[in-house]
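# Fold and geometry: a report
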Amino acid sequence: MYREIVDFASSTPAWLHTLAEVGTDAGLFLFAALFVMAFLRAWRAPARDLALVMAGPVGIVLAYVLSEVVKVLVREDRPCRGVITTIAACPPPTDWSFPSNHSVIAAGAAATLVLVWRALAWLVVPLAVVMAFSRVFVGVHYPHDVIVGFLLGAALAPLFALLVVGAFTPAVRLVRTRLSPR
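Residues numbered from 1 in each chain as written. Predicted model: local features only at pLDDT ≥ 70, side-chain atom pairs only at ≥ 80, totals over all residues. Heavy atoms only, no water.

### Re the UniProt feature "transmembrane region" (unreviewed entry) in the chain
As recorded in UniProt, the feature "transmembrane region" (unreviewed entry) lies at residues 50-67, 104-134 and 146-172. With 100% helix and 0% strand, residues 50-67 has its two end C-alpha atoms placed 27 Å apart. Along residues 146-172 one finds 100% helix and 0% strand; the C-alpha atoms at either end are 35 Å apart. (UniProt positions renumbered as here; feature names shortened; annotations may be inferred. Helix = DSSP H or I, 4+ residues; strand = E, 2+ residues; numbered from the N terminus.)

### Focus on the UniProt feature "domain: Phosphatidic acid phosphatase type 2/haloperoxidase" (unreviewed entry) in the chain
With numbering aligned to this structure, UniProt lists the feature "domain: Phosphatidic acid phosphatase type 2/haloperoxidase" (unreviewed entry) at residues 50-161. Here residues 50-161 is 69% helix and 0% strand, with 12 Å between the C-alpha atoms at its ends.

### Describing a nonpolar patch on the surface
There is a patch of nonpolar side chains on the surface, built from Val61, Tyr64, Val65, Leu66, Val69, Leu73 and Val74 and spanning about 600 Å² of accessible area. Position of Val65 relative to the elements: it lies in helix 3 (residues 47-74). (Patch = residues over 30% accessible without salt bridge, like charges linked within 9 Å, V, L, I, M, F, W, Y side chains within 5 Å. Areas by Shrake-Rupley, 256 points an atom, 1.4 Å probe, with all protein chains shown as cover. Salt bridge = Lys/Arg side-chain N within 4 Å of Asp/Glu carboxyl O.)

### Describing the side chain of Ser67
By secondary structure assignment, the location of Ser67 is in helix 3. Owing to a relative accessible area of 0%, Ser67 belongs among the buried residues under this scheme. Side-chain polar atoms of Ser67 contact the backbone oxygen of Tyr64, separated by 2.7 Å. Among residues more than four places away in sequence, those in contact with Ser67 are Pro99, Asn101 and Val104. (Buried < 20%, exposed > 50% of the residue type's maximum accessible area, 1.4 Å probe, protein only. Polar contact = N/O pair within 3.5 Å; in protein donor to acceptor, adjacent residues only side chain to side chain. Contact = heavy atoms within 4.5 Å.)

### As for the packing of aromatic side chains
Both the distance between ring centres and the angle between the ring planes are used here to describe each pair of aromatic rings. Overall, the coordinates contain 4 aromatic pairs when judged by the stated rule. Ring centres of Phe8 and Phe137 lie 6.5 Å apart, and the angle between their planes is 70 degrees; this geometry places the pair in the edge-to-face category. Note that Phe8 is positioned in helix 1 (residues 2-10) and Phe137 in helix 5 (residues 121-137), a separation of 129 residues in sequence. Under the relative-accessibility criterion, Phe137 is labelled buried at 6%. With a centroid separation of 6.1 Å and 50 degrees between ring planes, the pair formed by Phe133 and Phe137 is classed as tilted. Residue Phe133 and its partner Phe137 are both found in helix 5; the two are separated by 4 residues, about one turn of the helix. (Phe/Tyr/Trp six-rings, centres within 6.5 Å; stacked < 30°, edge-to-face > 60°.)

Structural data, given as structure tokens:
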């Protein structure tokens, strides 16, 4: 399946190659902007709601760290190290393939954003899927790298956010108390 996707990608127009390469990182910036919007939206909401928005990126980072641990343990070479022509340059040999960190982050961001602002699901879930798929399209990941990365991010980032929200809630209350006019 990897070979078929990469061969198809090679036959697409150059503008799509650029979009696929740049789009993955640009999508991460869009997710960051949506977290800022969610923060502003939750500013006057109950303390736990704002704390959950703040805990979202922490959950994503924790899921990312866990995926890095898995990468080091599994040490799967990237598929682009073979004799195949890919759209993107192949990362260095010590940058392992399994699981896809981009997929972990994209799915984790989408899942935590849905957790804090369900109305965004229509936007963030398809965006995360496209971002994850683009990693195979540009040739730097096998499909199973992306699928497992997506599942790890979607499951673990919101779970970690829910686990740490209790630590953020008292801090939000304290800051609100200090910022409120006396």
